Amino acid sequence: MQGSSRLVLAHFWAAFATFAVAIPLGAWQMLVRSPLHQWIAPELYYRAVTAHGTTFAYVFPTLIAMGFGYAVCAVSLGRPMRGLSLAWISFALVIVGAAMALATVAAGKANVLYTFYPPLLGSPYYYLGILVAVVGSWVWIGLMVWHVRRWKIDHPGLPVPLAMFATAVGALLWGWTSLGVGAEIAFLILPNALGWTPTIDPGLARVLFSWTLHAIVYFWLIPAYIAFYVLLPQAAGGRLYSDKMGRIAFLLLLIFSMPIGLHHLFVDPQIGAGFKFLHTVFTGMVVVPTLLTIFTICASLEISGRLRGGRGPFGWIAALPWDRPFVLASGFSMVMLGLGGASGIINMSYVLNSTVHNTQWVTGHFHLIYGGAVVIMYFAIAYELWPRLTGRPLAAPKLVRLQLWTWSVGMLLVTLPWHLVGVMGQPRRMAYYDFTNPALASQGVWVSVSAIGGFVLVFSAALLIGVLLASHRGPAGATSPLKFSLAVNPPRRLPKSLNSFGIWALLVLALTVANYGYPLAQFVFLNNSAVSAFPVSQNDRR
Amino acid sequence: MSTLPHEVIEKSERRWAYVVAGVIGLMFAVIIFTSVHWAAQPPSNVETIDASRLHLTGEFVEENLGTAVQPDGSVIVRVIAQQYSFVPSCMVVPAQTPVVFRVTSPDVVHGFLIMDTNVNSMVVPGFIAEIRTRFEKPKTHLMPCHEYCSVGHDGMWAHVKVVDRQEFTKSYGSQPRASCAG
Amino acid sequence: MTDGKQPVPRDSRFAVWIGATMGLFVLALGVGFIWLPSAQRGADGLDLWATICRAVGLPNGNALVSAPVAGQPASQVAWTTETRRRLAQGDASAGAAIVQACNNCHGMVGISADAIIPNLAGQSAAAIYKQLDDYKSGKRDPAVMGVYVSPLSDKNLLDLAAHYALLPSPTGDTVSTQRSTSTVARRLIDVGAPLRGIAPCSSCHGPIGITPGAPGLGGQQRAYLELQMQSFKDGTRRNDISEQMRSVARQLTNEEIARLAAHYSSISDSGGR
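Fair warning: this is a prediction, and the values are worked out from it, not measured in the lab.

**Q** Explanation requested: the overall build of chain A in the structure shown.
**A** Broken down by element type, chain A carries 17 helices and 4 strands. Taken over the C-alpha trace, chain A has a radius of gyration of 23 Å; the compact-globule value for 542 residues is 24 Å, and the two agree within 12%. Counting only C-alpha atoms and orienting by the principal axes, one finds that chain A spans roughly 65 × 50 × 45 Å. Counting the 542 residues in chain A, one finds 66% classified as buried. Partitioning the contacts of chain A with sequence separation of at least 6, the portion at a separation of at least 24 is 84%.

**Q** When you look at the sheet that holds strand β9 (residues 139-144) of chain B in this model, what are you seeing that I'm missing?
**A** Remark on secondary structure: sheet strands pair via backbone hydrogen bonds, oriented parallel or antiparallel. Residues and elements named next belong to chain B. In spatial order, the strands read β4-β10-β9; together these 3 strands make up an open sheet with mixed pairing. Looking at which strands have only one partner, the edges of the open sheet turn out to be β4 (90-94) and β9. Averaged over all pairs of adjacent strands, the angle between strand axes in this sheet comes to 25°, irrespective of strand direction. Pairing geometry for β4 and strand β10 (residues 157-163), over 5 bridges, is parallel. Residue pairing in the sheet places V93 in a bridge with V162 of β10. Contacts from helix α2 (residues 165-172) reach β4 and β10 within the one sheet, and its direction differs from that of β4 by about 125°.

**Q** Got a minute to help me understand the environment of V46 of chain B in this structure?
**A** With respect to the helices and strands, V46 of chain B occurs in the loop between α1 (6-37) and β1 (66-69). Note: C-alpha distance between V46 of chain B and A129 of chain B (83 residues apart in sequence) is 8.0 Å. Ignoring anything within four residues of it in the chain, the contact list for V46 of chain B reads P269, Q270, I271, G272, Q522 and L526 of chain A, F127 of chain B together with G57, L58, P59 and N60 of chain C.

**Q** Mind showing me how you'd approach the state of the cysteines here?
**A** Applying the stated criterion across every chain yields a total of 1 disulfide over all chains. Here C90 of chain B connects covalently by a disulfide to C180 of chain B, the sulfurs 2.0 Å from one another. Handedness here is read from the sign of the S-S torsion; for C90 of chain B and C180 of chain B, about -85°, the answer is left-handed. Of this pair, C90 of chain B sits in strand β4 while C180 of chain B sits in the segment after α2; the two residues are 90 residues apart in sequence, bridging distant segments of the chain. A single burial state applies to C90 of chain B and to C180 of chain B, both of which are buried. Looking at the unpaired C201 of chain C, the closest cysteine sulfur is the one in C204 of chain C, lying at 8.7 Å. For C201 of chain C, a relative accessible area of 15% puts it in the buried group.

**Q** Just checking my understanding: could you explain helix α13 (residues 360-390) of chain A for this structure?
**A** One full turn of an α-helix is made of 3.6 residues, so residues set three or four places apart face in the same direction. All names here are of chain A. Residue E384 marks the point of greatest curvature in α13, where the axis turns by about 30°; the proline P387 follows within four residues. Counting buried residues in α13 gives 29 out of 31 residues, a clear majority hidden from the surface. Looking one or two residues past α13, G391 carries a phi angle of roughly 75°, positive in sign.

**Q** Please clarify how the pairing of strand β2 (residues 75-82) of chain B should be interpreted in this entry.
**A** Side-chain positions along a regular strand alternate between the two faces of the sheet. Residue and element names in this part refer to chain B. By the criterion of burial, β2 is predominantly enclosed, with 8 of the 8 residues buried. The alternating pattern of β2 places V75, V77, V79 and A81 on one face and I76, R78, I80 and Q82 on the opposite face, and all of these are buried. Pairing analysis gives 4 bridges linking β1 to β2, with the strands arranged antiparallel. Within β2, the residue paired with T67 across the bridge is V77. From the end of β1 to the start of β2, which pair antiparallel, there are 5 residues, and G73 there has a positive phi angle of about 95°. Once β2 ends, the chain turns through 2 residues before running back antiparallel as strand β3 (residues 85-87).

**Q** Sorry if this is basic, but what is going on with the interface of chain A and chain B here?
**A** By convention, interface size is frequently given as the accessible area that disappears when the constituent parts associate. Counting from both sides, the interface comprises 73 residues of chain A and, opposite them, 59 residues of chain B. For the pair chain A and chain B, the summed buried surface comes to about 5300 Å²; carbon and sulfur atoms form 70% of the total. Between the two partners, chain A and chain B, sit 2 salt bridges. Among the ionic pairs, R429 of chain A bridges to E147 of chain B, the shortest N-O distance being 2.7 Å. The tally of links from chain A across to chain B stands at 19 residue pairs in polar contact (both at pLDDT 80 or more). The residue inventory of the side of chain A that touches chain B, partitioned by class, reads 44 nonpolar, 21 polar and 8 charged.

**Q** When you look at empty space enclosed by the protein in this model, what are you seeing that I'm missing?
**A** If a probe the size of a water molecule is rolled over the atoms, the empty space left behind becomes visible. Residue and element names in this part refer to chain A. In total, this model carries 4 cavities of 30 Å³ or more according to the counting rule given. In this structure, the second largest cavity spans a volume of roughly 70 Å³. Lining the second largest cavity are A65, F68, G69, W140, A166, T167, G170, F219, I222, P223 and I226. Every element with two or more residues in the lining of the second largest cavity is listed here: α2 (42-76), α5 (162-193) and α6 (202-230). A total of 4 residues in the lining of the second largest cavity trace back to one element, the largest contributor, which is α6.

Definitions and cut-offs
Every chain is numbered on its own, with residues counted from 1 as its sequence reads. Just so you know, chain letters begin at A and ligand numbers begin at 1, following the order they were written in. With pLDDT at 70 or above as the cut-off, local features in this predicted model cover only qualifying residues; side-chain atom pairs require 80 or more to be listed or tallied, and sums for whole chains, interfaces and linings still use all residues. Side-chain calculation: all heavy atoms of the structure are included, whereas hydrogens and water are not. Strands here are runs of E lasting at least two residues and helices are runs of H or I lasting at least four, both read from the DSSP assignment and numbered beginning at the N terminus. For a compact globule the rule gives 2.2 Å times the number of residues to the power 0.38, and the radius of gyration it is set against comes from C-alpha atoms. Throughout this description, buried means an accessible area under 20% of the type-specific maximum (1.4 Å probe, protein chains only), exposed means over 50%, and partly exposed covers the range between. Whether two residues are in contact is decided by their heavy atoms: any pair within 4.5 Å suffices. By this definition, two strands are paired if DSSP reports at least two bridges between them. Axis definition: a line fit to C-alpha positions, over the contact stretch in the case of helices; interaxial angles, taken between N-to-C directions, run 0 to 180 degrees. We call a pair of cysteine sulfur atoms a disulfide when they lie within 2.5 Å. The angle between axes fitted to the seven-residue stretch ending at a residue and the seven-residue stretch beginning at it gives the bend at that residue. The term buried area refers to how much accessible surface (probe radius 1.4 Å) is lost by two components on association, counted for both of them together. Between Lys or Arg on one side and Asp or Glu on the other, a salt bridge is scored when a side-chain nitrogen of the former is within 4 Å of a carboxyl oxygen of the latter. Here a polar contact means two N or O atoms within 3.5 Å. Within protein one must be a hydrogen donor candidate and the other an acceptor candidate, and residues neighboring in sequence count only if both atoms are side-chain atoms. The classification used treats Ala, Val, Leu, Ile, Met, Phe, Trp, Tyr, Cys and Pro as nonpolar, Asp, Glu, Lys and Arg as charged, and all other residues, Gly among them, as polar. A pocket here means an open set of points on a 1 Å grid, computed over the protein atoms alone, that has protein on both sides within 12 Å along at least five of seven lines. A cavity is instead a set of points where a 1.4 Å probe fits but cannot get out; residues with an atom within 4 Å of a point line either one. Grid points are joined across faces, edges and corners, and a volume is the space filled by probe spheres set on the points.

Now the structure itself:
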């Protein structure tokens, strides 16, 4: 990959290293809170939940998005990536920040969970670590945007390659949305944790966190969607149905992912129902690019299927090359996307949210859509990139397929019962439940099924790491260069609206002011909303 | 791909766009209709309160917690959510009566749901959470805290006892602030 | 080959998307701030304007608040930033200078010789300060302690609390020799009894968590512990803010109280410092 291979590999290996630790933690968490295990003293559980959540929210997906972004940059623009030393500095910052945060969690000094809702307070090193990692990733944003600008200057009037266009969208989205949690940490939590301010405003902190909380999942999602558009059609032996529709989808994600975060605060007392409804409407809009994507990708696959001899309205599905890992992973991903998307629509449905808020339904939902649909595409991307990064063919294709199967089956085993238990009313974030009580007894069997699913995932994770390791050390062999899918009608020219970001970024800014303006500004004149902090660590008495 | 001209693609995409618009529109229509028809909306009541002085003065002093019958027959249930209990830990309400829960916290963010109902709210210190509801049948519901409030969170379960209206008046009507907390 | 200066067809997508977004925003405003709140009219005598204000989230001086029942706060102490600041400024050496009267009952190093008189050595300053203030204000029965605390100023109380916090906690040979490994006690301490409304003792009293003013219990006098828990249970002691202890103690059986007292008195430290 023209000099970027080591950079991309470093990001992916670092990501999978954190993954290898955090997945077993997750399985352990599911086990100890199930009827299969006796109750444990809760402190260790919350330490594990904080570590697992912090890794999968702030470290793992960031590294994958960054690494994949560098790969796209190096391949799609037709010339080597520049600014490699900046990229390495960015990587170092992310690693240092992550290490600082996770070490603090491991020491038991930050049992605040990855949502760290103040006034609960952990060690300042935890928050500082996350801040360093987030700010470190901003260098990546700068590099992505700079490369697009540079390419456009050198190729006036030409369409920016779709893969790079979408990567830049993801970078811009991350830049804007990370400001919420960045501001919360930098201006609210850290001053409090360092003793500079005596109180903290939990309502304001929650609103700022919600600024980040939704769009961050789209930042995670965008690499998976990029893979759908630029890697899947090729892997299936066909073409992308519409390049233009891809751009439209990514731009819609840029516009509508962020100013919708209040749907995480539907039952919060510090926001009025009018703003809650406003965010419901705009959350409905962010469903559109996903529906567009499903259409375009299915149409693209249909081309491949029919080229391979599939007949009839559904015959093309069976005709697809499901033995190819990328196609297999994408199929699973779309199934989980459909299920997870459906449960997400329930979450966003205004009053209906009351039935599921902070029950295990929510946990089931985001594990299914992120841990399932998105992360399996991260695996697919890794498998696709590995030969090109290592110069060695992928080891054991059969094990790769087994890994993808076990991940999907495991994830469904884990998350589907979780949704059910949530509807039964099981609250989130508890280390143990009294399943002997008749009101809770019926939940027990489903929690046990989920726990077993967790161990299937551990097995799958071990397979993944094993295959990637074996492939990295295998004998060198000929590998074809990475190519991105061609569209059926590749665009020769594009209108400015589909080839640039400036105006759309302004639209996001305007929507942010419109949707978040009052909910944030109100804290300036609300009295009594600031309270003292409550340190979680026993050694940090106030 | 000469068998797939631009116009064919655009036409299929336009058709799909109508489907998408229909799906999203239907979603909004259902949301709006149910909200209007049942006069249901998420909590919408921004009220602040000094979290550290709850027990000293004002609406949430100890004697004022519990179920208070209003002149019009409805009830207000005042609850404190704290590390790590709800007070009163057993709330009693009459069935078939409008109930307003008013809940606040002196310390950290809590939340609660009442199992087998749609009552669900966050409790943010410095704010009063207000939930309006109505229980149809006598039953005892479990009410867990559903937001992590630090290490005792697992122990934070309360009970909501819904009793028949007549029984409520008989057994609890004479108390200014009723509870089944013992 | 392009030089970027060729005329580009008019790009209406900007206008269309921005216009549509603005239109959607206005529509959502109308529905969310006017139409839906209008369905709330009438509840509690709210008119349309009031429901709109509520939908915006304007701070609400609520008409629902009926005249509160008069009562007496459980404690005059509140964990405000002011209180925490004053606690942090407690002067241990000033406390040591006035501790003479206390030593007669509570022991020369804060470890008493009488099972009904609590050890104070190494106790949390917040816990000691609150109890002293509660004795002074009468919120905790001043029958025995009243005469000692009434001449003391608030600063004295803070200093005494700081002094005792620095003394070494009861260890090894000063705790009860009856080692308890009671699983009943251990269970309550580690995991509590959730559906009886009992959180793990260790989540408030340490070592896994400490809530403001919660005393450490390890190495405390057994009879004293048992008496306090019984007093919370039957309501004779009621200085716990918002019934934090009473609501738990009411659910404990006498047997559990006895086992907890035995257990805590036999271990060195529960971390409540």
